[in-house]
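# Examining the three-dimensional arrangement
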Amino acid sequence: MKIIIINGPNLNLLGKREPDIYGRQNFEGYFLQLQEHFPDIELQYFQSNHEGAIIDKLQEVGFSHDGIVLNGGAFTHTSLAIADAIAAIETPVVEVHISNVYAREAFRHHSWFSANCRGLIVGLGLKGYELAIRSFVK
Ligand code: DQA
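Residues numbered from 1 in each chain as written. Predicted model: local features only at pLDDT ≥ 70, side-chain atom pairs only at ≥ 80, totals over all residues. Heavy atoms only, no water.

### Let's talk about unusual backbone geometry
Despite not being glycine, Asn10 has its phi angle at roughly 75 degrees, a positive value. As for its position among the elements, Asn10 is in the loop between strand E1 (2–7) and helix H1 (19–22). Taking the relative accessible area as the measure of exposure, Asn10 reaches 36% and is therefore partly exposed. A positive phi angle, close to 35 degrees, is found at Glu18, a residue other than glycine. You can see Glu18 is positioned in the loop between E1 and H1. The exposure class of Glu18 is partly exposed, given its relative accessible area of 42%. (Helix = DSSP H or I, 4+ residues; strand = E, 2+ residues; numbered from the N terminus. Buried < 20%, exposed > 50% of the residue type's maximum accessible area, 1.4 Å probe, protein only.)

See the structure below:
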(Lines give C-alpha, C1' and ligand atoms only; values in the text may rest on other atoms or scores of the structure.)
Protein backbone atom coordinates (compact mmCIF):
# COMPACT_ATOMS: atom_id res chain seq x y z
CA MET A 1 0.00 0.00 0.00
CA LYS A 2 1.33 3.42 -1.02
CA ILE A 3 0.35 6.54 0.91
CA ILE A 4 1.77 10.02 0.53
CA ILE A 5 1.60 12.92 2.96
CA ILE A 6 1.54 16.28 1.21
CA ASN A 7 2.18 19.36 3.32
CA GLY A 8 1.65 22.87 2.02
CA PRO A 9 3.17 26.26 2.75
CA ASN A 10 5.04 27.01 5.98
CA LEU A 11 4.64 23.45 7.23
CA ASN A 12 8.38 22.98 6.61
CA LEU A 13 8.75 25.22 9.69
CA LEU A 14 6.91 22.88 12.05
CA GLY A 15 8.67 22.82 15.40
CA LYS A 16 9.79 26.44 15.01
CA ARG A 17 6.62 28.03 13.68
CA GLU A 18 4.12 29.35 16.29
CA PRO A 19 4.85 26.39 18.61
CA ASP A 20 1.90 27.26 20.86
CA ILE A 21 -0.39 26.46 17.93
CA TYR A 22 1.55 23.84 15.97
CA GLY A 23 3.72 22.19 18.63
CA ARG A 24 7.47 21.81 19.02
CA GLN A 25 8.12 18.72 16.92
CA ASN A 26 9.53 19.03 13.40
CA PHE A 27 7.82 17.02 10.69
CA GLU A 28 10.91 15.12 9.55
CA GLY A 29 11.22 13.57 13.04
CA TYR A 30 7.52 12.82 13.19
CA PHE A 31 7.64 11.25 9.73
CA LEU A 32 10.34 8.81 10.87
CA GLN A 33 8.06 7.82 13.76
CA LEU A 34 5.21 7.27 11.28
CA GLN A 35 7.40 5.05 9.12
CA GLU A 36 8.27 2.95 12.18
CA HIS A 37 4.60 2.84 13.17
CA PHE A 38 3.44 1.64 9.73
CA PRO A 39 6.23 -0.70 8.52
CA ASP A 40 3.95 -2.39 5.98
CA ILE A 41 2.94 0.84 4.25
CA GLU A 42 5.11 2.56 1.68
CA LEU A 43 4.91 6.04 3.16
CA GLN A 44 6.12 9.07 1.25
CA TYR A 45 6.36 12.72 2.24
CA PHE A 46 6.28 15.83 0.08
CA GLN A 47 6.24 19.46 1.18
CA SER A 48 6.04 22.59 -0.93
CA ASN A 49 5.42 26.26 -0.42
CA HIS A 50 4.21 26.53 -4.03
CA GLU A 51 0.64 25.97 -5.17
CA GLY A 52 1.60 24.64 -8.62
CA ALA A 53 4.07 22.15 -7.14
CA ILE A 54 1.30 20.74 -4.93
CA ILE A 55 -1.00 20.42 -7.96
CA ASP A 56 1.78 18.70 -9.93
CA LYS A 57 2.33 16.24 -7.06
CA LEU A 58 -1.41 15.48 -6.72
CA GLN A 59 -1.58 14.75 -10.46
CA GLU A 60 1.60 12.63 -10.32
CA VAL A 61 0.44 10.36 -7.48
CA GLY A 62 -3.31 10.64 -7.91
CA PHE A 63 -3.77 7.64 -10.22
CA SER A 64 -1.31 5.24 -8.58
CA HIS A 65 -1.31 5.70 -4.81
CA ASP A 66 -3.83 4.24 -2.36
CA GLY A 67 -4.22 7.36 -0.28
CA ILE A 68 -3.20 10.99 0.04
CA VAL A 69 -3.03 12.83 3.35
CA LEU A 70 -3.14 16.55 2.56
CA ASN A 71 -2.48 19.50 4.81
CA GLY A 72 -2.69 22.36 2.35
CA GLY A 73 -1.86 25.00 4.97
CA ALA A 74 -3.21 28.41 3.98
CA PHE A 75 -3.95 27.19 0.42
CA THR A 76 -6.86 25.32 2.01
CA HIS A 77 -8.64 28.63 2.37
CA THR A 78 -7.69 30.13 -1.00
CA SER A 79 -6.98 27.53 -3.68
CA LEU A 80 -9.74 26.53 -6.04
CA ALA A 81 -7.00 25.11 -8.28
CA ILE A 82 -5.91 22.56 -5.65
CA ALA A 83 -9.58 21.75 -4.97
CA ASP A 84 -10.01 21.03 -8.70
CA ALA A 85 -6.91 18.80 -8.67
CA ILE A 86 -8.34 16.80 -5.75
CA ALA A 87 -11.58 16.35 -7.72
CA ALA A 88 -9.66 15.36 -10.86
CA ILE A 89 -7.65 12.48 -9.40
CA GLU A 90 -8.78 8.97 -8.42
CA THR A 91 -6.81 8.47 -5.20
CA PRO A 92 -8.87 9.43 -2.14
CA VAL A 93 -7.64 12.41 -0.15
CA VAL A 94 -8.00 12.95 3.60
CA GLU A 95 -7.60 16.58 4.65
CA VAL A 96 -5.68 17.21 7.87
CA HIS A 97 -5.19 20.35 9.94
CA ILE A 98 -2.96 20.30 12.99
CA SER A 99 -4.82 23.12 14.70
CA ASN A 100 -8.56 23.40 15.21
CA VAL A 101 -9.20 25.84 12.39
CA TYR A 102 -12.81 26.29 13.56
CA ALA A 103 -11.60 27.72 16.88
CA ARG A 104 -9.40 30.26 15.06
CA GLU A 105 -9.95 33.27 12.79
CA ALA A 106 -13.06 33.22 10.59
CA PHE A 107 -10.96 33.13 7.39
CA ARG A 108 -9.74 29.66 8.43
CA HIS A 109 -13.27 28.28 8.71
CA HIS A 110 -13.74 27.73 4.99
CA SER A 111 -11.92 24.98 3.13
CA TRP A 112 -12.07 24.72 -0.66
CA PHE A 113 -10.86 21.13 -0.30
CA SER A 114 -13.22 19.43 2.14
CA ALA A 115 -16.10 18.76 -0.27
CA ASN A 116 -13.72 16.89 -2.58
CA CYS A 117 -12.05 14.89 0.19
CA ARG A 118 -12.99 11.54 1.67
CA GLY A 119 -12.70 12.94 5.17
CA LEU A 120 -11.34 15.66 7.36
CA ILE A 121 -9.33 15.61 10.61
CA VAL A 122 -8.79 18.88 12.46
CA GLY A 123 -7.35 20.01 15.74
CA LEU A 124 -5.68 16.79 16.93
CA GLY A 125 -2.10 17.95 16.40
CA LEU A 126 0.34 15.74 14.51
CA LYS A 127 -1.69 12.71 15.64
CA GLY A 128 -4.14 13.70 12.87
CA TYR A 129 -1.69 12.43 10.24
CA GLU A 130 -1.49 9.02 11.92
CA LEU A 131 -5.28 8.81 12.10
CA ALA A 132 -5.59 9.81 8.46
CA ILE A 133 -3.15 7.05 7.40
CA ARG A 134 -5.06 4.57 9.56
CA SER A 135 -8.28 5.51 7.76
CA PHE A 136 -6.83 4.10 4.52
CA VAL A 137 -5.98 0.73 6.06
CA LYS A 138 -8.74 -1.83 5.61
C1 DQA B 1 -3.14 24.58 9.14
C2 DQA B 1 -4.23 25.62 9.37
C3 DQA B 1 -4.19 26.70 8.31
O4 DQA B 1 -5.19 27.67 8.56
C5 DQA B 1 -2.84 27.39 8.33
O6 DQA B 1 -2.77 28.35 7.29
C7 DQA B 1 -1.70 26.45 8.26
C8 DQA B 1 -1.77 25.21 9.04
C9 DQA B 1 -3.10 23.52 10.26
O10 DQA B 1 -2.49 22.49 10.04
O11 DQA B 1 -3.63 23.76 11.35
O12 DQA B 1 -0.69 26.71 7.63
O13 DQA B 1 -3.43 23.88 7.93
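### Observations regarding the layout of surface pockets
Of the voids in this model, the largest pocket is the one considered here, and its volume is about 160 Å³. As for the largest pocket, its lining consists of 15 residues, and the residues nearest its centre are Arg17, Tyr22, Gly73, Ala74 and Arg108. For the lining of the largest pocket, a count of residues per class yields six nonpolar, six polar and three charged. (1 Å grid on protein atoms, 1.4 Å probe; cavity = no way out; pocket = protein on both sides within 12 Å on 5 of 7 lines; lining within 4 Å. Points joined across faces, edges and corners; volume = space filled by probe spheres on them. Nonpolar A, V, L, I, M, F, W, Y, C, P; charged D, E, K, R; others polar.)

### Points about the site of the ligand
Residues in close proximity to the ligand include Arg17, Tyr22, Asn71, Gly73, Ala74, His77, His97, Ile98, Ser99, Val101 and Arg108, which together make up its full environment. Here an oxygen atom of the ligand and a backbone polar atom of Ala74 are 3.2 Å apart. Within the contact set of the ligand, an oxygen atom lies 2.8 Å away from a side-chain nitrogen or oxygen of His97. Calculation on the ligand without its partners gives an accessible area of 320 Å², and the protein chains cover 99% of this total. (Near = heavy atom within 4 Å. Polar contact = N/O pair within 3.5 Å; in protein donor to acceptor, adjacent residues only side chain to side chain. Areas by Shrake-Rupley, 256 points an atom, 1.4 Å probe, with all protein chains shown as cover.)

### Brief notes about the pairing of strand E3 (residues 67–71)
Counting buried residues along E3, five of its five residues qualify, which places the element largely inside the surrounding structure. Judged by which residues are buried, E3 turns out to be covered on both faces: Gly67, Val69 and Asn71 on one side and Ile68 and Leu70 on the other are all buried. Both E1 and E3 contribute to a ladder of five bridges, which runs parallel. Bridging from a neighbouring strand, Ile3 pairs with Gly67 of E3. Relative to strand E4 (residues 93–97), E3 is paired through three bridges, and the arrangement is parallel. Counterpart to Val69 in the pairing with E4 is Val94. For the handedness criterion, the β-α-β arrangement of E3, helix H4 (residues 80–88) and E4 is classed as right-handed. (Pairing = 2+ DSSP bridges. Right-handed = clockwise from strand over helix to strand, strands pointing away.)

### Description of empty space enclosed by the protein
Counted by the stated rule, this structure contains one cavity of 30 Å³ or more. Roughly 30 Å³ of volume is contained in the largest cavity. Lining of the largest cavity is provided by Thr76, His77, Glu95, His97, Val101, Tyr102, Arg108, His109, His110, Ser111, Leu120 and Val122. Those elements that provide at least two residues to the lining of the largest cavity are E4 and strand E5 (119–122). Of the residues that constitute the lining of the largest cavity, the class distribution is four nonpolar, six polar and two charged.

### Some thoughts on helix H3 (residues 51–61)
Taken together, the buried positions of H3 are Ile54, Ile55, Lys57, Leu58 and Val61. Projected down its long axis, H3 shows its buried positions confined to an angular sector of 160 degrees, all on one face. Exposed residues on H3 whose side chains face more than 90 degrees from its buried face are Asp56 and Glu60. Buried residues belonging to H3 abut E1, strand E2 (42–47), E3 and H4. (Arc of directions from axis to C-beta. Contact = heavy atoms within 4.5 Å.)

Keep in mind these numbers describe shape, not what the thing actually does.
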